Amino acid sequence: MNYYFIACRTGGEERMRSHLYKFFGRELGEEWMVEIFIPMRRMIDRRKGKKIMTDHPILPGYLLVSSEEDLSPLGTEVHRLPGCYGFLKNLDKTIELRGPDYAYASWIMHNKGTIKPSKAVFKKGEPIKIIEGPMKDFLGTITAVDYRHSRVMVEFQFAEVIRRVSMPVEFVASDGVGIGEY
């Protein structure tokens, strides 16, 4: 499977996604399977004292594309689509994801494009332990914990740059002790 990231105008990801489906269908034919995801994280937000789930982009302005077909020959045509900045390129000008970028894309695809809250146990003075969910097999580093908003700050490498993103977690009790008692 080949993975690619396509950059587009921030806020226009959904519109670009529909344009890309039409474009790839026209260029490759309907028989080729191309999947396009907007990498999202399902966050636990508080509004008027109640917890609600909302989806937020992990990498605003980027779409994740997977295909068995090599999409390299379509690079200049994709760049011509309105609001599209083209494929994210490696240092050697190739567009297929490799190394940590490939692993990150594979992790997102494995979770069907949306990273839902993971379950975590955290005791004061000990490292956080993810016991269930998509963060269990994540390749990043947890750098901070926000109990009130049920989030952890994670660092991961994307496009040769270290990125920090707030990701959702659900804190669960451990050894019969509630989170508020730590």
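Residues numbered from 1 in each chain as written. Predicted model: local features only at pLDDT ≥ 70, side-chain atom pairs only at ≥ 80, totals over all residues. Heavy atoms only, no water.

Novice: Honestly, the sheet that holds strand β5 (residues 62–67) in this entry has me stumped. Any pointers?
Specialist: Pairing between the strands of a sheet comes from backbone hydrogen bonds, and it takes one of two forms, parallel or antiparallel. What the four strands build is an open sheet, ordered β2-β5-β1-β6; its pairing is antiparallel. Lying at the two open borders of the sheet, with one neighbouring strand each, are β2 (34–37) and β6 (84–87). With direction set aside, neighbouring strand axes in the sheet form an average angle of 25°. By the bridge criterion, six bridges tie strand β1 (residues 2–8) to β5 in an arrangement that is antiparallel. Bridge pairing in β5 links N2 to S67. The strands that helix α1 (residues 13–28) touches are β1, β2, β5 and β6; relative to β2, the one it contacts most, it runs at about 170°. (Pairing = 2+ DSSP bridges. Helix = DSSP H or I, 4+ residues; strand = E, 2+ residues; numbered from the N terminus. Axes fitted to C-alpha atoms, helices over the stretch in contact; angles between N-to-C directions. Contact = heavy atoms within 4.5 Å.)

Novice: When you look at the side chain of S166 in this model, what are you seeing that I'm missing?
Specialist: With respect to the element layout, S166 can be found in strand β12 (residues 161–171). The exposure class assigned to S166 is buried, which follows from its relative accessible area of 18%. (Buried < 20%, exposed > 50% of the residue type's maximum accessible area, 1.4 Å probe, protein only.)

Novice: What's the story with α1 in this structure? I'm lost.
Specialist: In an α-helix there are 3.6 residues to a turn, and that puts residues three or four apart on one side. Here α1 contains 16 residues, and its C-alpha end-to-end distance of 21 Å stays within 8% of the 22 Å for a straight helix at 1.5 Å per residue. Buried within α1 we find E13, M16, L20, F23, F24, G25 and L28. As for α1, its buried residues are in contact with β1, β2, β5, α2 (75–79) and β6. One or two residues past the end of α1 sits G29, with phi positive at roughly 90°. (Expected span 1.5 Å × (residues − 1).)

Novice: Sorry if this is basic, but what is going on with the pairing of strand β3 (residues 40–47) here?
Specialist: Residues in a regular strand project their side chains so that they alternate between the two faces of the sheet. Bridge analysis of β3 against strand β4 (residues 50–57) gives eight bridges, and the strand direction is antiparallel. Bridging from a neighbouring strand, D45 pairs with I52 of β4. Where β3 folds back on β4, the antiparallel hairpin that results is connected by two residues, among which K48 adopts a positive phi of roughly 55°. Pairing geometry for β3 and strand β7 (residues 114–115), over two bridges, is parallel.

Novice: Mind showing me how you'd approach unusual backbone geometry here?
Specialist: Glycine aside, negative phi is the norm for most residues, and most peptide bonds take the trans geometry. Non-glycine residue K48 carries a positive phi angle of around 55°. Along the chain, K48 turns up in the loop between β3 and β4. For K112, which is not glycine, the phi dihedral falls at a positive 55°. On the secondary structure map, K112 appears in the loop between α3 (99–110) and β7. Take K112: its relative accessible area is 63%, and that puts it in the exposed class.

Novice: What's the story with the layout of surface pockets in this structure? I'm lost.
Specialist: The probe, sized like a water molecule, is rolled over the atoms to show the empty space still left. What the largest pocket holds in volume is close to 220 Å³. Lining the largest pocket are L88, K89, N90, L91, D92, L97, R98, P100, D101, Q157, A159 and E160. Looking at the lining of the largest pocket residue by residue, the classes come out as five nonpolar, two polar and five charged. (1 Å grid on protein atoms, 1.4 Å probe; cavity = no way out; pocket = protein on both sides within 12 Å on 5 of 7 lines; lining within 4 Å. Points joined across faces, edges and corners; volume = space filled by probe spheres on them. Nonpolar A, V, L, I, M, F, W, Y, C, P; charged D, E, K, R; others polar.)

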